[in-house]
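What follows is the residue order along each chain.
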Amino acid sequence: MKAVFQDYKDSAAYISEKIGGVKPDIAIILGSGLGGYADEIEDPVIIPYRDIPHFPISTVSYQKGELVFGKLAGKNVLAMNGRFHYYEGWEMWQTAYPVGVFKLLGVDTMIITNAAGGMGYNDGRTMRPGDLVCVTDQIKLAPMSPLRGANIEEFGARFFDMQSVFDKDLRALAHEVAAAQGFELLDGVYAYMAGPQYETPAEIRALKLLGANLVGMSTVAENIFAAQLGIRVLCISCVTNMAAGITGAAITEQEVLDVANEVAAKFKKLVSTVIEKL
């Protein structure tokens, strides 16, 4: 049964008690291979998902499944070390559940990250593993929505605009920071595929024709719920592999994790500086 407003309140109340009633300035969702960023948080309060009322539990083996709260770049930060995916067996609303809880905790800005397959651009520009990409829009052809079913009026209208999901000011700041740090932060459209299997070359060709530059198995549900809630979103993808058919090489989970680890230092520096400047 889909969660009701009281469920979100119960989760938020438990977390608020654990963090001493402090309002987070920003929440971060950490994608595959990027969980080490949570180690940057000072004086951490660690809250296992399994202890939070009504919270799902991450089943991906390398994701810790915990909230980490503390100081980062002078701000009160609440980080999800491990997220929820539709392919794990969760309903789409469950994959986005934490976003509603964050809203009740007072969060109005989120940084959402993911590991993604890179397709490149229809004008011939390319991507390569290790590139960081600022998501400007998304494509979700899968029919399920995190907001399917009874609408929770306290969270906003059932029908809402999706043209400003990715905050322009946050994107501009991220580009400014990346340039100052000496690398190019790309822009791109993220396409969602349900997984857990990687995409076929034909699927990638179709998505690229539709204007997608990245593909992954997460993120879109959180973005949709954040849009309903009026939470500002900065979404950063780490290109961990080339999408199916681009090079012909087989795609492996280990490749995704290895590349994410290699780019972790650049990612950490970018995100920390963005947080500092907010």
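That block above? That's the structure.
What you see is a predicted model; the values in this text were computed from it and never measured.

Q: What am I meant to see in the nonpolar core here?
A: The nonpolar side chains of a soluble globular protein tend to be buried with one another. Grouped together as the largest cluster of nonpolar side chains are 56 residues, with contacts concentrated most on Tyr8, Leu67, Phe102 and Met110. Counting residues per element, this core draws most heavily on helix α6 (residues 220-229), which supplies six residues. Counting residues in each nonpolar core, the second largest holds 31 residues, with Val68, Ile111, Leu234 and Val263 among its members.

Q: How should the pattern of salt bridges be read in this particular structure?
A: Summed over the entire model, instances satisfying the criterion amount to five salt bridges. The closest approach of N and O atoms between Asp167 and Arg232, which form a salt bridge, is 3.6 Å. Residue Asp167 is found in the loop between β6 (132-140) and α4 (168-180), and its partner Arg232 is found in strand β9 (residues 232-242); the two are separated by 65 residues along the sequence.

Q: Explain the packing of helix α3 (residues 97-104) against α6 to me, please; I cannot follow it from the model alone.
A: The relative placement of two packed helices comes down to the angle between their axes together with the axis-to-axis distance. Two numbers describe how α3 lies on α6: the axes approach to 8 Å, and their chain directions differ by 30 degrees. Taken together, the axes of α3 and α6 are roughly parallel relative to one another. Considering the relative orientation of α3 and α6, their crossing is right-handed. Touching Tyr97, Val99, Gly100 and Lys103 of α3 are Glu222, Phe225, Ala226 and Leu229, all from α6. Tallied by class, residues from the contact of α3 with α6 come to five nonpolar, one polar and two charged.

Q: Any chance you could explain the pairing of β9 here in plain terms?
A: In regular strands, side chains alternate between the two faces of the sheet. The buried fraction of β9 is high, at ten of eleven residues. As defined by bridge partners, strand β5 (residues 109-118) adjoins β9 across ten bridges and the pair is classed as parallel. In the strand pairing of β9, Gly118 is matched with Met242. With three bridges joining them, β6 and β9 adopt antiparallel strand pairing. Its bridge partner being in β9, Leu132 is matched across the sheet by Cys238.

Q: What exactly am I supposed to notice about the environment of Gly245 here?
A: Within the fold, Gly245 resides in the loop between β9 and α7 (253-277). Overall, Gly245 belongs to the partly exposed group, its relative accessible area being 48%. Expressed as a C-alpha distance, the spacing of Gly245 and Glu199, which sit 46 residues apart in the sequence, is 9.2 Å.

Q: Would you mind going over the pairing of strand β7 (residues 186-192) with me for this structure?
A: Here β7 lies mainly inside the structure; six of its seven residues are buried. The pairing of β6 with β7 spans seven bridges and is classified as parallel. Among the inter-strand pairings, Val133 is bridged to a residue of β7, identified as Leu186. The sheet contact formed by β7 and strand β8 (residues 214-216) spans three bridges and is parallel. Its bridge partner lying in β8, Tyr192 is registered against Gly216. The handedness of the β7 to β8 crossover, carried by helix α5 (residues 201-209), is right-handed.

Q: Is there a simple way to explain unusual backbone geometry in this structure?
A: Residues other than glycine predominantly adopt negative phi, and peptide bonds predominantly adopt the trans conformation. In the segment running from Gly195 into Pro196, the intervening peptide bond is cis, with an omega of 5 degrees. Its location among the elements puts Pro196 in the loop between β7 and α5. Located in the positive-phi region is Asp43, a residue other than glycine, with phi close to 50 degrees. Assignment of secondary structure puts Asp43 in strand β2 (residues 42-48).

Q: Explain the side chain of Lys2 to me, please; I cannot follow it from the model alone.
A: Relative to the assigned elements, Lys2 resides in the segment before α1 (5-18). Of the buried charged residues, Lys2 lacks a salt bridge, with Glu153 as the closest side chain of opposite charge at 10 Å. Within polar-contact distance, the side chain of Lys2 engages the backbone oxygen of Arg148 at 3.1 Å. Side-chain polar atoms of Lys2 contact the backbone oxygen of Ala150, separated by 3.1 Å. With residues near it in sequence (within four places) discarded, Lys2 still touches Trp93, Pro146, Leu147, Arg148, Gly149 and Ala150.

About the thresholds
Residues numbered from 1 in each chain as written. Predicted model: local features only at pLDDT ≥ 70, side-chain atom pairs only at ≥ 80, totals over all residues. Heavy atoms only, no water. Core = buried A, V, L, I, M, F, W, Y, C linked by side-chain atoms within 4.5 Å. Buried < 20%, exposed > 50% of the residue type's maximum accessible area, 1.4 Å probe, protein only. Helix = DSSP H or I, 4+ residues; strand = E, 2+ residues; numbered from the N terminus. Salt bridge = Lys/Arg side-chain N within 4 Å of Asp/Glu carboxyl O. Axes fitted to C-alpha atoms, helices over the stretch in contact; angles between N-to-C directions. Parallel < 35°, antiparallel > 145°, perpendicular 65-115°, else oblique. Left-handed = near helix turned anticlockwise from the far one by under 90°. Contact = heavy atoms within 4.5 Å. Nonpolar A, V, L, I, M, F, W, Y, C, P; charged D, E, K, R; others polar. Pairing = 2+ DSSP bridges. Right-handed = clockwise from strand over helix to strand, strands pointing away. Lys, Arg positive; Asp, Glu negative; His and termini not counted. Polar contact = N/O pair within 3.5 Å; in protein donor to acceptor, adjacent residues only side chain to side chain.

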